Each structure stands twice: as structure tokens, then as C-alpha cells.
Amino acid sequence: MKTMTCKQLGGACDTKFQADTFEEMAELSKKHAMEMFQKGDSAHLEAMNNMQNLMKSPEAMQAWFGERRREFEALPED
């Protein structure tokens with residue numbers, strides 16, 4: 001099990017997520033983002049806007065995800 005924060009995953013807060021795989025971590029982050037979107041949290045809305053801009057370039061998005069995956073894989077087990 002590894003731990004990452006919302007900020008480490010492109011979000012806006014220090015909420016911690018724990019997962020065994022990067023895919024699970026990404027799913028937890030996505031679920032949290034949707035909850036914050038529904039609450040209208042301005043900091044998370046800005047972070048989502050930044051991600052949407054990044055998604056306009058598949059190469060940039062792929063590079064960003066690759067960096068997050070490498071960061072996850074380098075983390076020690078909790």
C-alpha cells in the first residue's frame with residue numbers, strides 16, 4: 001500500500017489516498033475530484049480546469065501520467 005496526496009495527483013488539497021496500484025490511486029483521485037466538483041470547491045475546479053487544458057495535448061497528458069506513475073512506483077510501501 002502506498003500513499004499520495006490530492007496535490008501530488010494534480011489536485012488542490014492534502015487529502016491522502018492509499019492504494020496498491022497506480023490505477024487504483026488514479027481512481028481514488030478521480031472519485032475525490034468528482035466529489036469536490038459537486039461541492040463546487042473553487043480550488044479543485046481550478047485544478048480540474050488545468051487538467052482539461054493538459055488533456056488537449058495527448059502527448060502532454062501521457063507525459064504527465066507517466067511522471068505520476070513513476071512517482072507512485074518510487075514511493076515506499078506504507
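From a predicted model like this one, the values you see are computed outputs, not experimental measurements.

Caption draft 1: Layout of the nonpolar core. Within the largest apolar cluster, 9 residues are counted, these being Met4, Cys6, Leu9, Cys13, Phe17, Ala19, Phe22, Met25 and Phe72. Every element with two or more residues in this core is listed here: strand 2 (16–19) and helix 1 (22–39). Excluding anything up to four places from it in sequence, Met25 contacts Lys2, Thr3, Met4, Leu9, Phe17, Gln18, Ala19 and Phe72.

Caption draft 2: Here's a closer look at the pattern of salt bridges. Using the criterion set out here, one finds 4 salt bridges in the structure. Residues Glu23 and Arg69 are paired through a salt bridge, measuring 2.8 Å at the closest nitrogen-oxygen approach. A residue pair is termed long-range when its members are at least 10 positions apart, and Glu23 in helix 1 and Arg69 in helix 3 (residues 58–74) qualify at 46 residues. When its relative accessible area of 46% is taken as the criterion, Glu23 is described as partly exposed. Among the ionic pairs, Arg68 bridges to Glu67, the shortest N-O distance being 3.6 Å. Classification of Glu67 by relative accessible area gives partly exposed; the value is 40%. Bridged by salt links that share partners, the residues Glu67, Arg68 and Glu71 form one connected network.

Caption draft 3: Structural detail: the packing of helix 2 (residues 42–55) against helix 3. Look at helix 2 against helix 3: their axes get within 7 Å of each other, and the N-to-C directions meet at 120°. For the element pair helix 2 / helix 3, the angle class is oblique. Across the interface between the two elements, Met51, Leu54 and Met55 of helix 2 pack against Pro58, Ala60, Met61 and Trp64 of helix 3. Split by residue class, the contact of helix 2 with helix 3 holds 7 nonpolar, no polar and no charged.

Caption draft 4: Structural detail: the packing of aromatic side chains. Per the counting criterion, the structure on display carries 3 aromatic pairs. Look at Phe22 and Phe65: their rings are 6.1 Å apart centre to centre, the planes differ by 85°, and that puts the pair in the edge-to-face class. Taken as a pair, Phe22 in helix 1 and Phe65 in helix 3 lie far apart in primary sequence, 43 residues in all. Residue classification places Phe22 among the buried residues on the basis of a relative accessible area of 5%.

The rules we used
- Residues numbered from 1 in each chain as written.
- Predicted model: local features only at pLDDT ≥ 70, side-chain atom pairs only at ≥ 80, totals over all residues.
- Heavy atoms only, no water.
- Core = buried A, V, L, I, M, F, W, Y, C linked by side-chain atoms within 4.5 Å.
- Buried < 20%, exposed > 50% of the residue type's maximum accessible area, 1.4 Å probe, protein only.
- Helix = DSSP H or I, 4+ residues; strand = E, 2+ residues; numbered from the N terminus.
- Contact = heavy atoms within 4.5 Å.
- Salt bridge = Lys/Arg side-chain N within 4 Å of Asp/Glu carboxyl O.
- Axes fitted to C-alpha atoms, helices over the stretch in contact; angles between N-to-C directions.
- Parallel < 35°, antiparallel > 145°, perpendicular 65-115°, else oblique.
- Nonpolar A, V, L, I, M, F, W, Y, C, P; charged D, E, K, R; others polar.
- Phe/Tyr/Trp six-rings, centres within 6.5 Å; stacked < 30°, edge-to-face > 60°.

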